[in-house]
Amino acid sequence: MSKMPSLSQLRGRQVGRILIKMGLLTRQKVQHCLEVQQNQEGKRIGEIFLELGLISDADLRKALAAQRGMDFTDITGMDIPSDVISAIPSQMARTFRVVPIDYDPATQKITIAIDNPNNFQATDDLATLMDYNVTAIVTTTSALEQAFERYYSGNEDNINDIIGEASADSFLAGMEGRDQSIDLDEIRELAESNPVKKLLNLVLLQAIRDKAADIHFEPFEESYQLRYRIDGVLYNMVPPPKHIAVALSSRIKVMAELNIAERRLPQDGRIPLVVNGNQVDLRVSILPTMFGESVVLRILDRSQVDLNLDQLGLSSDNREHISQLIHRPNGIVLVTGPTGCGKTTTLYSALHELNTIDRKLITTEDPVEYDIQGVHQVQIRDDIGLSFAACLRSILRQDPDIILVGEIRDFQTAQISVEAALTGHLVLSTLHTNDAPSVIARLLDLGLEKFLVTATVEGVVAQRLVRKICSNCKREYEPDEKQLAELGLTPEDIQGKTFYYGKGCDMCNNTGYRGRVGIFEIMVLTDDMRELIMDDASTNVLRQEAKKNGMVQLRENGLDAIFNGITTIDEVLKETISEET
């Protein structure tokens, strides 16, 4: 066998050529495998080498490591000291698929073993989460699994244990009662505290695993509260000790690259991570309160968002209405509802459907929540004068076909959106109103002329999110008369209907609910409605006209979801109001 070439000679080459250079394969065998690959769409060449028994898994990992310019070490049977293993907690090691094999606490240098050379994101995330200076080497998958079994089996992280470790730390304990008298050097040291890093990382990973939308760190006079928002509802978690509040907020600031010395003004930032191969953005909001800094992390897990109109819970009629609206050549289509009701997901799903090679799509958002391939997305920055209105003027010079405006907040943004619609563009945007007909009054309140509203607005989608009954513990039941009365139903109305609720199980954290689905109210503007708007008709008159033209109200759409066994009476009552006459 020829001498192993240097990494510099192998880096960046194709895997087949590397294996030839390593003396493990011949050109003829590689060529044969390439021919086999042509008939197996999606198969990687390395998998074919393995399937045909031409090389071992260790050989393939060596070649893949060399391709990336990385070292290969088989860690099978390696004795790793316990202080090295404890440098990366169990849940983090398994989540990022890494095993530490060397660690110097003085310099924060750590060497990790990975089985996938493309898992380079793990080094970046460990640097972000733990402030380590990370070097990665490649090992075999079997060696990594053996290391997990040997060093982390039965060693699952427990939030109570880590809180106990943080409580017992003498330096952290010395901060008790000193919120306003901690100097900058101490704040830096707090942010670097290992118990604080471990606790925060466990909180983050558990929140992502539990599909939480937000994490709240809340200081009060006598306590410190930690809460997750899951499916729109806040749940109390095990509270950390109050004296580590400054340490936690400082650690979050370091990760988000914010000013750790500033504790008097609000700050906003972001922390990008890749967890289990999925890109996760943490949006950080820090707000000074009477008793310390309140910190909220919004979790934008792109793997949890299916940008597809067919996955939103739309009825066939509503799906058809939305499709017709967003395929108009020009005009304004608005999505309305309270904060957190899924407006952005609906708009992104519409963009996903409209995103074809023959159209140019530009968005202006605050913030940009998810990247969409093929769409030009602009982040609003009011601090430097890049407002929705200022951005829209420039967007119109970029020759777009479709424009998404994150939110119509003021007259200037509304006016330019109207101008865009009048000049042949389709504009998608959001407003905050309680239902679809109320949008007209809101636009007039912003200062738009009636004739501009009637000339440009094509339709309005109002929506809410209701929790779905957990499919694992779903049970039939008979609603009582009080519940039926609240829905405006009589026993005769529910003849032949079946009602369900969730009993509560481990899969839904004993809530009876798992996931959420949208309920919708879609108002398409007709010529008659435009005449009513020009005649100063009230919102109630517009609502009656919309219903006459087939608009299904939120409450009615919610009833359909109840009758279809998707959600419960309580959820629909909570998210909708009774029909107005």
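Quick caveat, the model's predicted, so the values are computed rather than measured.

## Points about the overall build of the protein
Okay, so step 1: A tally of helices and strands in the protein yields 25 helices and 18 strands.
Okay, so step 2: With the C-alpha coordinates aligned to their principal axes, the bounding extent of the protein is approximately 85 × 70 × 55 Å.
Okay, so step 3: Relative to its 581 residues, the protein shows a buried fraction of 48%.
Okay, so step 4: For the protein, the proportion of contacts with a sequence separation of at least 24, taken over those separated by at least 6, is 64%.
Okay, so step 5: Between the centroid of the 60 positive side chains of the protein and the centroid of its 85 negative side chains there is a distance of 6 Å.

## What about the layout of surface pockets?
Left-over empty space is what a probe sized like a water molecule reveals as it rolls over the atoms.
Okay, so step 1: By volume, the second largest pocket amounts to about 350 Å³.
Okay, so step 2: Taken together, 15 residues form the lining of the second largest pocket, with Arg44, Leu60, Leu64, Asn116 and Asn118 sitting closest to its centre.
Okay, so step 3: If you tally residues by element for the lining of the second largest pocket, the top one is helix H5 (residues 57-67), at five residues.
Okay, so step 4: There are two domains that each give the lining of the second largest pocket at least three residues, and those are domain 1 (7-68) and domain 2 (82-152).

## Quick word on the environment of Lys497
Okay, so step 1: Checked against the element boundaries, Lys497 lands in the loop between helix H21 (481-487) and strand S17 (499-502).
Okay, so step 2: Lys497 sits in the partly exposed class, given a relative accessible area of 40%.
Okay, so step 3: Along the backbone, Lys497 and Thr135 are 362 residues apart, and their C-alpha atoms lie at a distance of 62 Å.

## Digging into the nonpolar core
Okay, so step 1: Ile88, Ile112, Ile215 and Phe217 are the most contacted members of the largest nonpolar core, which has 74 residues in total.
Okay, so step 2: Per element, the largest residue contribution to this core is nine residues, and it comes from helix H13 (residues 194-209).
Okay, so step 3: Both domains that meet at this core, namely domain 2 (82-152) and domain 3 (159-301), each give it at least three residues.
Okay, so step 4: One finds Ala389, Leu431, Leu448 and Leu525 within the second-largest nonpolar core, a separate group that totals 37 residues.

## Let's talk about the packing of aromatic side chains
Okay, so step 1: All told, the structure shown has four aromatic pairs when counted by the stated rule.
Okay, so step 2: An angle of 80 degrees between the planes, with centres 5.6 Å apart, marks the rings of Tyr477 and Tyr501 as edge-to-face. Here Tyr477 is found in strand S16 (residues 474-477), whereas its partner Tyr501 is found in strand S17, with 24 residues between them in sequence.
Okay, so step 3: For Tyr477, a relative accessible area of 23% gives the class partly exposed.
Okay, so step 4: Judged by its relative accessible area of 34%, Tyr501 is partly exposed.
Okay, so step 5: For Lys474, the ring lying beneath its charged end belongs to Tyr500, and the centroid distance is 4.8 Å.

## Remarks on a positive patch on the surface
Okay, so step 1: Together, Arg13, Arg17, Lys21 and Arg27 make up a region of like positive charge exposed at the surface.
Okay, so step 2: When its relative accessible area of 37% is taken as the criterion, Lys21 is described as partly exposed.

## Side note on the pattern of salt bridges
Okay, so step 1: For the coordinates displayed, the defined rule picks out 29 salt bridges.
Okay, so step 2: Two residues, Glu262 and Arg264, come together in a salt bridge whose shortest N-O distance is 3.2 Å.
Okay, so step 3: When its relative accessible area of 13% is taken as the criterion, Glu262 is described as buried.
Okay, so step 4: With a relative accessible area of 68%, Arg264 lands in the exposed category.
Okay, so step 5: Of the charged contacts in the structure, one is a salt bridge between Arg328 and Glu458, with a shortest N-O distance of 2.4 Å. Linking Arg328 in the loop between helix H15 (316-326) and strand S10 (331-336) with Glu458 in strand S15 (residues 457-469), this pair joins segments that are 130 residues apart in sequence.
Okay, so step 6: A relative accessible area of 25% means that Arg328 is categorised as partly exposed.

## Focus on the sheet that holds strand S2 (residues 109-114)
Okay, so step 1: The strand order across the open sheet formed by three strands is S1-S2-S3, and the pairing between neighbours is mixed. Here the strands that pair on one side only, and so sit at the sheet edges, are strand S1 (99-104) and strand S3 (133-138). Between one strand axis and the next, the sheet turns by 20 degrees as a mean value, whatever way the strands run.
Okay, so step 2: Note: S2 against S3, six bridges, orientation parallel. Each residue of the ladder has a partner; that of Thr111, found in S3, is Thr135.
Okay, so step 3: Strands S2 and S3 of the sheet are contacted by helix H8 (residues 121-130), whose axis makes an angle of about 155 degrees with S3.
Okay, so step 4: Contacts from helix H9 (residues 141-152) reach S1 and S2 within the one sheet, and its direction differs from that of S1 by about 65 degrees.

## As for the UniProt feature "domain: Bacterial type II secretion system protein E" (unreviewed entry) in the protein
Okay, so step 1: What UniProt calls "domain: Bacterial type II secretion system protein E" (unreviewed entry) maps, in this numbering, to residues 396-410.
Okay, so step 2: The distance from the first to the last C-alpha atom of residues 396-410 is 18 Å, and the span holds 0% helix and 27% strand.

## Observations concerning helix H16 (residues 343-354)
Okay, so step 1: Taking 1.5 Å per residue, twelve residues should reach 16 Å; H16 reaches 17 Å between its end C-alpha atoms and fits that length.
Okay, so step 2: Residues Lys343, Thr346, Leu347, Tyr348, Ser349, Ala350, Leu351 and Leu354 constitute the buried set of H16.

## Details of the packing of helix H22 (residues 527-534) against helix H23 (residues 539-548)
Okay, so step 1: One can describe the packing of H22 onto H23 by two numbers: an axis separation of 10 Å at closest approach and a directional angle of 175 degrees. One finds that H22 runs roughly antiparallel with respect to H23. Along its contact with H22, which presents Asp528, Met529, Leu532 and Ile533, the element H23 presents Val541, Leu542, Glu545 and Ala546.
Okay, so step 2: Considered class by class, the residues forming the contact of H22 with H23 number six nonpolar, no polar and two charged.

## Here's the deal with empty space enclosed by the protein
Okay, so step 1: Applying the stated criterion to the full structure yields two cavities of 30 Å³ or more.
Okay, so step 2: Considering only enclosed or pocket space, the largest cavity measures out at about 70 Å³ in volume.
Okay, so step 3: As for the largest cavity, its lining consists of Ile322, Leu325, Ile326, Val333, Val335, Thr346, Leu347, Ala350, Leu428 and Val461.
Okay, so step 4: Contributions of two or more residues to the lining of the largest cavity are made by H15, S10 and H16.

The rules behind each value
- Residues numbered from 1 in each chain as written.
- Predicted model: local features only at pLDDT ≥ 70, side-chain atom pairs only at ≥ 80, totals over all residues.
- Heavy atoms only, no water.
- Helix = DSSP H or I, 4+ residues; strand = E, 2+ residues; numbered from the N terminus.
- Buried < 20%, exposed > 50% of the residue type's maximum accessible area, 1.4 Å probe, protein only.
- Contact = heavy atoms within 4.5 Å.
- Lys, Arg positive; Asp, Glu negative; His and termini not counted.
- Charge placed at Lys NZ, Arg CZ, Asp CG, Glu CD.
- 1 Å grid on protein atoms, 1.4 Å probe; cavity = no way out; pocket = protein on both sides within 12 Å on 5 of 7 lines; lining within 4 Å.
- Points joined across faces, edges and corners; volume = space filled by probe spheres on them.
- Domains from an automatic or database assignment.
- Core = buried A, V, L, I, M, F, W, Y, C linked by side-chain atoms within 4.5 Å.
- Phe/Tyr/Trp six-rings, centres within 6.5 Å; stacked < 30°, edge-to-face > 60°.
- Lys NZ or Arg CZ within 6 Å of the ring centre and 35° of its normal.
- Patch = residues over 30% accessible without salt bridge, like charges linked within 9 Å, V, L, I, M, F, W, Y side chains within 5 Å.
- Areas by Shrake-Rupley, 256 points an atom, 1.4 Å probe, with all protein chains shown as cover.
- Salt bridge = Lys/Arg side-chain N within 4 Å of Asp/Glu carboxyl O.
- Pairing = 2+ DSSP bridges.
- Axes fitted to C-alpha atoms, helices over the stretch in contact; angles between N-to-C directions.
- UniProt positions renumbered as here; feature names shortened; annotations may be inferred.
- Expected span 1.5 Å × (residues − 1).
- Parallel < 35°, antiparallel > 145°, perpendicular 65-115°, else oblique.
- Nonpolar A, V, L, I, M, F, W, Y, C, P; charged D, E, K, R; others polar.

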